[in-house]
Every structure is written in C-alpha cells, then in structure tokens.
Amino acid sequence: MPTPRSIRTSRPALLIATGLLCTALALLFAAPAGASFGFLAKWGGPGEEVGQFNSPRGAATDSHDNLYVADTFNNRIQVFDLTGAFVRSFGSFGSGPGQLSAPTGVATDSNDNVYVADANNNRIEVFDSSGAYVRAWGSFGTTDGRFEFPLDVATDSHDNVYVADMENNRIQKFDSAGVFITKWGSFGSGSKQFNTPFDVATDSADNVYVADTGNNQIKVYDSSGNFIRRWGSLGSGDGQFNSPRAVDVDNEGDVYVTDTNNGRIQVFDPAGTFLRSWGAPGSGDGQFEFADGVTTDSRGHVYVVETFPNDRVQQFGQLPPTIPKLIASVEALGLPHGIENSLVSKLENAQKSLEKGGTGSVCGKLGALTSELQAQLGKKIPIVPGEELLADVLETRASLGCV
C-alpha cells in the first residue's frame, strides 16, 4: 500500500458485493465431499455507499465477531457482522474529535473499544463499541508519543496499545489511556530494526508480531520489545515474501500473513514454520490484488481486506457440509434399511432441487430431514452420531439461509 495521502482521484462505483446465499449455493453445488477450509463469501466493491470501499486496509474483530474495516479514503470505519451484513459506520473527513484522515489500522480491546490508526492526522483515536468518540493522542513528530504515518494498531490482553509507526520505523507501546510506555526500532535490517513496518499484531501470550514490509520479514518480540525471532526473505517460495503488509494471529496461535505482491496468504505456526498458503493474483474468489489487511475471529473465520482495485473483503473458513457429504454420513451410520432410505431420499431430492436452483424447496426438504432426525434420536438413530449428523444438517441449512 502506498504512503497514505489525503486526496485520491475518484473512480466510478462498481458494486461487486456477493451475498452469503449465492456463495453458499455455489459451494454446496460444486464443493466435493470432505471439503474443509476455503472461500466462504465476499462483499464490497469500489465506491462511497454503505458496504463499498475506497482503498480499505486494516481490519479487526470484536467479542461478538463483528468485523471492523478501515475504509481508508472514505475516511470511516465500517462494521459488518460475520455474514457480511452492514451494521454501522463512523467517522468523516477532518482532524477534529471523531474525524479521520486516511485511517489505515483498527483494533479492539477487551471492552470492545475501537482503536484507529488515523494515519494522516498522525494520531490514535479511540471510540466505544457504538462508534462514539472517546479520546485521541499523538501528533506529527519523532519523539515519544508522536508519529509519522502510524499505519496500524494492536492491543494485548491488558489493553495495552501497540502502534506501527511506519516512517519512524519503530513500534510504540501505550496503555489504554494513551500514556507512553516504551518503544523499539530504527531504520535498518537488524533484529530490532525495521524498513517501513506496515502492521502489528499480538498473540495470547502478548508477544508482538510486526510485518517488516520493506525487509520482507515477520519479526516477533515480547511485550517489552525484546527480540524473539524472525523469518522470511524476498521471494515467492514457501516462507518467502514480496511485500508482506499485514499479519494476524488466531486463537490457536497460527500466524496469517498477507504476502501482498505474491497475491497470497501464508500461514505459519508460532515458531515461524510454514504450514500452508492459498491465493493467486486476480479478482476471482480466493484471489487477491493488493491484500493489505487480515484478521481472524473466534469461530475460525479469516478475513482478508483488499485495497484498490478490488476494494473488498473476502471471508474464508470451514466450508459447510455438502449434501453428498451428508448422504455419506447417513450411509455410514448402519441404520435400519427403512430409516436410511428415508433420510437418503430426502437428501437426494434436496440435491436435485439445489441443482435446479430451488432454494426454498431445498430448505423444505432439509427441514423435513431435520424433523425426522430429531424424532428418531435415541430410538432408531444412536444419540452421539445422530447428534453429529443433525449438527451438520443444521450447518448446511444455515449456509443456505434456511430459517
């Protein structure tokens, strides 16, 4: 992402938002049995309307798994629920309390207060969970508590605040009221040096992860700034990067990195060992053009924010069970012939309706299947495997928007 700027040439609005219902239909029709992690949904598109973006960058989730997106050149924070439905927005262009100028990073604390890296105003602004202004701190400069383009912000378990002070090539740490605690970093490639650090994140142990973008590395420190480890180098192989611009750590300790110029997401264990990657340059589902933000929620979803030209959010996670997978699960239970035939028949009919695009009919058939499962639990269908099957059916129904 380029250095934040206040003025940007407008572009025609081209909405490319996609609802969960259409996405779920595509997944259930096309995904093979046994599919697990993958693309779930996307929303956004270039523009200024609700749910549209103008070069968004940072993202964070709160205790309710709402998603906060720094809509950078619309000078606002937009909030969505985990289905991508718009919840609220706050902020407008300016330098007054509650106003923003190119917000690039966002984080939440244990009370769902929202911290925003207000990059062009060289400050951190704090809002409550409803978007009401609380406080701000910072100004342009190089001394403690001042910033030169603070690009990202993160919080730890004690609600301390870490800021990626990009042009000063350092991390600054504050308490939740904005009182300066410590700092580390200078320009360079050493273990406690940075070259345009774009992003910062914390894990459950309050270790601090920095996307050292210009050095093509991820660097890890303890909460006092003591160096722990680093990994990465310029390239396109596993564990290599080309301008990694965002980093986040999930509840299991896995580390997600937007390998921006390689058009992919890479995942590592806490020690920096490569685990997997996905993506390629492009605008299709699961492809990325300038992925500049990544965050996770408590349910294992991964959200990737793309700046211009895609201007969107993509959501990834565990794919809902396909109908063929549900059929295989029924057949594996060893049920009495009549019960098995009845359940399989309902699922086969639901699949036929799905292939014809009959969503309402699919919901009805899966509803009848749910009722039959519930009636037979503990009778003809064993409790434990029956409950697992019922949970899968309910997840499939939910993914289709069935009430």
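Look up a bit, the structure's there.
A brief structural summary. (Residues numbered from 1 in each chain as written. Predicted model: local features only at pLDDT ≥ 70, side-chain atom pairs only at ≥ 80, totals over all residues. Heavy atoms only, no water.)

## As for the packing of aromatic side chains
Per the stated rule, a full pass over the model turns up 19 aromatic pairs. Ring centres of Trp43 and Phe80 lie 5.9 Å apart, and the angle between their planes is 50°; on these two criteria the pair is classed as tilted. Placement of the pair is Trp43 in strand β1 (residues 37–44) and Phe80 in strand β4 (residues 76–80), with a sequence separation of 37 residues. Residue class for Phe80 comes out buried when judged on its relative accessible area of 1%. Each residue in the set Phe37, Phe39, Trp278, Phe288 and Phe316 is aromatic and connected to the rest through ring pairs, giving one cluster. When the ring centre of Phe37 is taken as reference, the NZ or CZ atom of Arg276 above it lies at 6.0 Å. (Phe/Tyr/Trp six-rings, centres within 6.5 Å; stacked < 30°, edge-to-face > 60°. Helix = DSSP H or I, 4+ residues; strand = E, 2+ residues; numbered from the N terminus. Buried < 20%, exposed > 50% of the residue type's maximum accessible area, 1.4 Å probe, protein only. Lys NZ or Arg CZ within 6 Å of the ring centre and 35° of its normal.)

## Re the side chain of Lys42
Among the structural elements, Lys42 can be located in strand β1. For Lys42, a relative accessible area of 16% gives the class buried.

## Thoughts on the packing of helix α4 (residues 359–376) against helix α5 (residues 383–399)
Interhelical geometry of α4 versus α5 gives an angle of 160° and a closest axis separation of 10 Å. Here α4 lies roughly antiparallel to α5, going by the angle between them. Crossing angle aside, the handedness with which α4 passes α5 is left-handed. Together, Leu366, Gly367, Leu369, Thr370, Leu373 and Gln374 of α4 and Leu389, Leu390, Val393, Leu394, Thr396 and Arg397 of α5 make up the contact between the two elements. (Axes fitted to C-alpha atoms, helices over the stretch in contact; angles between N-to-C directions. Parallel < 35°, antiparallel > 145°, perpendicular 65-115°, else oblique. Left-handed = near helix turned anticlockwise from the far one by under 90°. Contact = heavy atoms within 4.5 Å.)

## Some details on the pairing of strand β8 (residues 123–127)
By the criterion of burial, β8 is predominantly enclosed, with five of the five residues buried. Neither face of β8 is exposed, since Arg123, Glu125 and Phe127 on one face and Ile124 and Val126 on the opposite face are all buried. With five bridges joining them, strand β7 (residues 114–118) and β8 adopt antiparallel strand pairing. Across the sheet, the residue bridging to Val116 is Glu125, located in β8. The antiparallel pairing of β7 with β8 creates a hairpin that spans four residues between the two strands, and Asn122 there sits at a positive phi of about 50°. Taken together, β8 and the strand that follows it, strand β9 (residues 133–137), pair antiparallel across an intervening segment of five residues, in which Gly131 is found at a positive phi of about 95°. (Pairing = 2+ DSSP bridges.)

## Observations regarding the side chain of Asn121
Within the secondary structure, Asn121 is located in the loop between β7 and β8. Excluding anything up to four places from it in sequence, Asn121 contacts Gly94, Ser95, Gln99, Leu100 and Ser101.

## Section: the sheet that holds β8
Hydrogen bonds between backbone atoms are what pair the strands of a sheet, whose relative direction is either parallel or antiparallel. Pairing within the open sheet is antiparallel, and its four strands lie in the order β6-β7-β8-β9. Strand pairing shows two members of the sheet lacking a second neighbour, β6 (103–108) and β9, which therefore form its edges. Between one strand and the next, the sheet's axes are offset by a mean angle of 20°, whatever the strand orientation.

## Some details on the pattern of salt bridges
For the structure on display, the rule yields 13 salt bridges. In this structure, Glu125 engages Arg123 in a salt bridge whose closest nitrogen and oxygen atoms are separated by 3.3 Å. Arg123 shares its class with Glu125; the two are buried. Taking the shortest distance from any N to any O, the salt bridge between Arg264 and Asp259 comes out at 2.6 Å. Of the two residues, Arg264 and Asp259, both sit in the buried class. Members of the salt-bridge network, linked through shared partners, are Asp118, Arg123 and Glu125. (Salt bridge = Lys/Arg side-chain N within 4 Å of Asp/Glu carboxyl O.)

## Examining the sheet that holds strand β11 (residues 161–165)
Strand order in the open sheet formed by four strands is β10-β11-β12-β13, and the pairing between neighbours is antiparallel. At either margin of the open sheet sits one strand with a lone partner, and together these are β10 (150–155) and β13 (180–184). The mean inter-strand angle of the sheet, taken between neighbouring strand axes irrespective of direction, is 20°. When β11 meets strand β12 (residues 170–174), the two strands line up antiparallel, connected through five bridges. When the bridges of β12 are listed, Val161 appears paired with Phe174.

## Side note on the pairing of strand β16 (residues 217–221)
Along β16, five of the five residues are buried, which leaves the element largely enclosed by surrounding structure. Burial of the side chains of β16 extends over both faces: Gln217, Lys219 and Tyr221 are buried on one face and Ile218 and Val220 on the other. Where strand β15 (residues 208–212) meets β16, five bridges bridge the pair, whose relative direction is antiparallel. If you follow Tyr209 over to β16, its bridge partner there is Val220. In textbook terms, the turn of a hairpin is the stretch between consecutive antiparallel strands, and for β15 and β16 this stretch comprises four residues, one of which, Asn216, has a positive phi near 55°. Sheet topology places β16 next to strand β17 (residues 227–231); four bridges connect them, and they run antiparallel. Residue Lys219 lies in a different strand from β17, and its bridge partner there is Arg230. The antiparallel hairpin formed by β16 and β17 contains five residues in its connecting segment, where Gly225 sits at a positive phi of about 95°.

## Some remarks on α5
In this model, α5 (17 residues) spans 24 Å end to end at C-alpha, consistent with the 24 Å of a helix rising 1.5 Å per residue. Those residues of α5 that fall on the buried side of the exposure criterion are Gly386, Leu389, Leu390, Val393, Thr396, Arg397 and Ser399. Two residues or fewer past α5, Gly401 is found with a positive phi of approximately 80°. (Expected span 1.5 Å × (residues − 1).)

This is a description of form; function is not addressed.
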